[in-house]
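Analysis of the macromolecular model
Spelled out, the chains give:
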Amino acid sequence: MLEVKDLHVTIEDKVILKGLNLTINAGEVHAIMGPNGAGKSTLSAVIAGKDGYEVTQGTILFEGQDVLEMEIEERARAGLLLGFQYPIEIPGVKNIYLLKAALNAQRAARGEGEIPAPEFMKLVREKSAEMKMDPSFLQRAVNEGFSGGEKKRNEILQMLILQPKLAMLDEIDSGLDIDAMKVVADGVNSLRNADRAILLVTHYQRLLNHIVPDHVHVLVDGRIVKSGGKELALELEDRGYDWVLEESVA
């Protein structure tokens, strides 16, 4: 589904990614871990098309398509979704209008008509209930006045409505208490299937107790230096990153 080859990325003339390679197949959940400043968030931002990053070398293919040749909205319509670590507020735009506009844009890209209003309202109420969000949140401006946990639930609500092929979640666990973590994790787990892939960027093993990954990668200084199964995350929790750093320079 996703193939990243020899990816080099700079931001404001600072080199962040230095030859990163990653392959994700449909049906898999991959977790990216690593110390601060390693380039974890940069990877998902570049795949999604966030401004400010310059790809100086390498390729990103999504279902065989050259992602770097696609505009941001083309990537979204193709099935890429990025859940933000710090979701932004959009004053004046109701949550429900954003969800409906985004869903209808996807449907139009597939050659489908707009979703009928009753069907949309049934869908959005069901998914809001799954995320334990009060229906009043649908009529509020996007993320405006939301707590940190509410913003993260709202990110997953968008994912449940849009049903992306590849969901990239950038530290979706930051700022969540235990109860909110379980709700968010349940939402993510409900989307796991053979046709969808999920990329989790996280610092902490605790998220991976709830969303068990198929593969764990350690990103250090712009490269993936170690990969393994879920046991690798447990080892990182126990030993930190120093031993991986030592191995990577040995």
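Before reading further, recall that the structure is shown in the block above.
Structural notes, computed from the coordinates. Since this is a predicted model, take the numbers as computed values, not measurements. Position labels on residues start from 1 in each chain and follow its written sequence. Since the coordinates come from a predicted model, pLDDT governs what is reported: local features require at least 70, and pairs of side-chain atoms require 80 or more to be given and counted, while whole-chain, interface and lining totals use all residues. Values shown for side chains rest on all heavy atoms present in the structure; no hydrogens or waters enter the calculation.

So, about the layout of surface pockets. In this structure, the largest pocket occupies an estimated 1,000 Å³ of space. Here a helix means four or more residues in a row that DSSP labels H or I, a strand means two or more in a row labelled E, and each is numbered from the N terminus. Elements with a contribution of two residues or more to the lining of the largest pocket: α1 (40–48), α2 (72–78), β6 (80–83), α3 (95–109) and α5 (148–162). A total of six residues in the lining of the largest pocket trace back to one element, the largest contributor, which is α3. When residue character is reported, Ala, Val, Leu, Ile, Met, Phe, Trp, Tyr, Cys and Pro are called nonpolar, Asp, Glu, Lys and Arg charged, and the others, Gly included, polar. Residues of the lining of the largest pocket, tallied by class, amount to 21 nonpolar, nine polar and seven charged. The distinction between a cavity and a pocket rests on a 1 Å grid over the protein atoms alone: a 1.4 Å probe fits inside a cavity but cannot get out, while a pocket stays open yet meets protein on both sides within 12 Å along at least five of seven lines, and a residue with an atom within 4 Å of a point counts as lining. Grid points are joined across faces, edges and corners, and a volume is the space filled by probe spheres set on the points. The computed volume of the second largest pocket comes to approximately 210 Å³. Around the second largest pocket, the lining residues are Ala45, Val46, Gly49, Lys50, Asp51, Tyr53, Val55, Leu68, Met70, Glu71, Ile72 and Arg75. Those elements giving two or more residues to the lining of the second largest pocket turn out to be α1 and α2. Its residues placed into classes, the lining of the second largest pocket shows seven nonpolar, one polar and four charged.

Among the structural elements, histidine 30 can be located in strand β3 (residues 29–33). Judged by relative accessible area, histidine 30 falls into the buried class, the value being 2%. Here glutamate 28 takes part through its side chain, which lies 2.7 Å from a polar atom of the side chain of histidine 30. Two residues qualify as a contact provided that any one of their heavy atoms is within 4.5 Å of a heavy atom in the partner residue. In this structure histidine 30 touches Leu22, Thr23, Ile24, Asn25, Ile198, Leu199, Leu200, His215 and His217, once residues within four positions along its chain are discounted. Accessibility here uses a 1.4 Å probe with only protein chains present; expressed as a share of the type maximum, an area under 20% marks a residue as buried, one over 50% as exposed, and anything in between as partly exposed. Pairs of N or O atoms are called polar contacts if they sit within 3.5 Å, as long as, within protein, a hydrogen donor faces a hydrogen acceptor (for residues adjacent in sequence, only side-chain-to-side-chain pairs).

Turning our attention to the packing of helix α4 (residues 117–130) against α5. Orientation is described by axes fitted as lines to C-alpha atoms, over the contacting stretch for helices, and by angles from 0 to 180 degrees between their N-to-C directions. Relative to each other, α4 and α5 sit at 140°, their axes nearing to 10 Å. Considered as vectors, α4 and α5 are oriented oblique to each other. Every pair of crossing elements has a handedness; the one defined by α4 and α5 is right-handed. In this structure, α4 contributes Leu123, Val124, Lys127, Ser128 and Glu130 to the contact, and α5 contributes Leu157, Leu160 and Ile161. If an angle is under 35 degrees, it is roughly parallel; if it is over 145, roughly antiparallel; if it lies from 65 to 115, roughly perpendicular; otherwise it is oblique. Take the far helix as the reference: if the near one is turned anticlockwise from it by less than a right angle, the crossing is left-handed, and if turned clockwise, right-handed.

Moving on: the packing of aromatic side chains. Only centres within 6.5 Å qualify two rings of Phe, Tyr or Trp (six-membered ring in Trp) as a pair; their planes then separate them into stacked at under 30 degrees, edge-to-face at over 60, and tilted for everything else. Counted by the stated rule, this structure contains one aromatic pair. Between phenylalanine 137 and phenylalanine 146, the ring centres sit 4.9 Å apart and the planes meet at 85°, which makes this aromatic pair edge-to-face. In this structure, arginine 140 is placed above the aromatic ring of phenylalanine 137, and the distance from its NZ or CZ to the ring centre is 4.7 Å. One residue, arginine 239, lies across the ring of tryptophan 243, its end atom 4.2 Å from the ring centre. Two conditions define a charge sitting above a ring: the NZ of Lys or the CZ of Arg must be within 6 Å of the ring centre, and it must be within 35 degrees of the ring normal.

Quick look at the nonpolar core now. Formed by 46 residues in total, the largest nonpolar core has its most connected members in Met131, Ile156, Met159, Leu169, Leu200 and Leu236. Residue contacts for methionine 159: discarding those within four places in its chain leaves Leu81, Pro164, Ala167, Leu169, Val188 and Leu191. One finds Val46, Ile60, Leu82 and Leu199 within the second-largest nonpolar core, a separate group that totals 29 residues. Here, nonpolar core means buried Ala, Val, Leu, Ile, Met, Phe, Trp, Tyr and Cys residues that are tied together by side-chain atoms lying within 4.5 Å of each other.

Spatially, β2-β1-β4-β5 is the arrangement adopted by the four strands of the open sheet, whose pairing is antiparallel. Of all strands in the sheet, those with a lone pairing partner are β2 (14–24) and β5 (65–66), marking the two edges. At least two bridges found by DSSP between two strands are what make those strands a pair. Across two bridges, strand β4 (residues 54–62) lies against β5 in antiparallel orientation. Within β5, the residue paired with phenylalanine 62 across the bridge is glutamine 65. Along the sheet, α1 makes contact with β1 (2–11), β2 and β4, crossing β1 at roughly 105°.

With that settled, consider the sheet that holds strand β10 (residues 197–201). Read from one edge to the other, the open sheet built from six strands follows the order β6-β9-β10-β3-β11-β12, with strand pairing classed as mixed. Looking at the sheet topology across the chains shown, the edges are occupied by β6 and β12 (223–228). Strand-to-strand, the axes of this sheet are offset by a mean angle of 20°, without reference to chain direction. Looking at chain direction, β3 and strand β11 (residues 215–220) are connected through four bridges and run parallel. Of the residues in β11, the one forming a bridge with isoleucine 32 is histidine 217.

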